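# Residue-level structural notes
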Amino acid sequence: MGSGKTTVGTLLARQLAWRFVDLDSRIEEASGLSIPEFFERLGEPEFRQMEAQQLRAALGKASELKEGTVLALGGGTYAQAGCPEFLRTAGVPVLWLDAPIETLLARCMIMPGRPLFRDETSFRTLYAQRLPFYQQADYRVDSFDEPSMVVEEILRQGIVGGGDGEKHLVVEKPQSSREH
């Protein structure tokens, strides 16, 4: 939450002439519910099932169409049982957009529609639970800077590139506890 995955992912996809897919948007489209409504009506376990289905469908479509895709995951996606292994087996690199937790808190405080963001204490607890998963990402880039600078850094590091159109990148949007 608040790491800039949608903004950075959109800019990165545009720069690479790839398609951008936001997993939360796919879930909303498939369910006909906003993410907060989904959590309220059906609960988190049902949400996680839908999330796993939509992740597989999005990657399947990208492979079928043989098009480069930047896929933005929800903050909890990569922390679900089997997700890191699934993406690794599929050969899909995962990029962790990392930012100081204070920055993420400040951003989330002004963002509506975050069903798992309740207050600072729960945010920090959720982060601590997810951190070991985030640390399994293939790449880490600081997302504290302006989104265009984050994209420049991703490209500078050679994490992704143009090419054959069969490449995919998953952008994870976790919280970070790095001290500054």
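Residues numbered from 1 in each chain as written. Predicted model: local features only at pLDDT ≥ 70, side-chain atom pairs only at ≥ 80, totals over all residues. Heavy atoms only, no water.

Moving on, we come to the pattern of salt bridges. Under the defined criterion, the tally for this structure stands at 7 salt bridges. Among the ionic pairs, Glu102 bridges to Arg124, the shortest N-O distance being 3.9 Å. Of this pair, Glu102 sits in helix H5 (residues 101–109) while Arg124 sits in helix H6 (residues 120–134); the two residues are 22 residues apart in sequence, bridging distant segments of the chain. Look at Arg124 and you get partly exposed, because its relative accessible area is 32%. Here the residues in one salt-bridge network are Glu44, Arg48 and Glu51, joined through shared partners. (Salt bridge = Lys/Arg side-chain N within 4 Å of Asp/Glu carboxyl O. Helix = DSSP H or I, 4+ residues; strand = E, 2+ residues; numbered from the N terminus. Buried < 20%, exposed > 50% of the residue type's maximum accessible area, 1.4 Å probe, protein only.)

On to the confidence of the model for the protein chain, then. Confidence in the prediction of the protein chain, expressed as mean pLDDT, is 83, and 81% of residues score 70 or more. Counting interchain partners and residues more than four positions distant, the pLDDT-below-50 stretch residues 162–166 has 8 contacts. (pLDDT = per-residue confidence, 0-100. Contact = heavy atoms within 4.5 Å.)

Given two aromatic rings, their pairing is described by the distance between the two centres and the angle made by the two planes. One pass over the full model with this rule turns up 3 aromatic pairs. Seen in terms of ring centroids, Phe39 and Phe47 are 4.6 Å apart; in terms of plane orientation they differ by 40 degrees. Their pairing is tilted. Among the residues examined, Phe39 registers a relative accessible area of 14% and is labelled buried. The class for Phe47 is buried, based on a relative accessible area of 3%. For the pair Trp96 and Tyr134, a centre-to-centre distance of 6.2 Å together with 40 degrees between the ring planes defines the contact as tilted. Residue Trp96 is found in strand S3 (residues 94–98), and its partner Tyr134 is found in helix H6; the two are separated by 38 residues along the sequence. By relative accessible area, which is 1% here, Tyr134 ends up buried. Through a chain of ring-to-ring contacts, three or more aromatic side chains come together here, namely Phe38, Phe39 and Phe47. (Phe/Tyr/Trp six-rings, centres within 6.5 Å; stacked < 30°, edge-to-face > 60°.)

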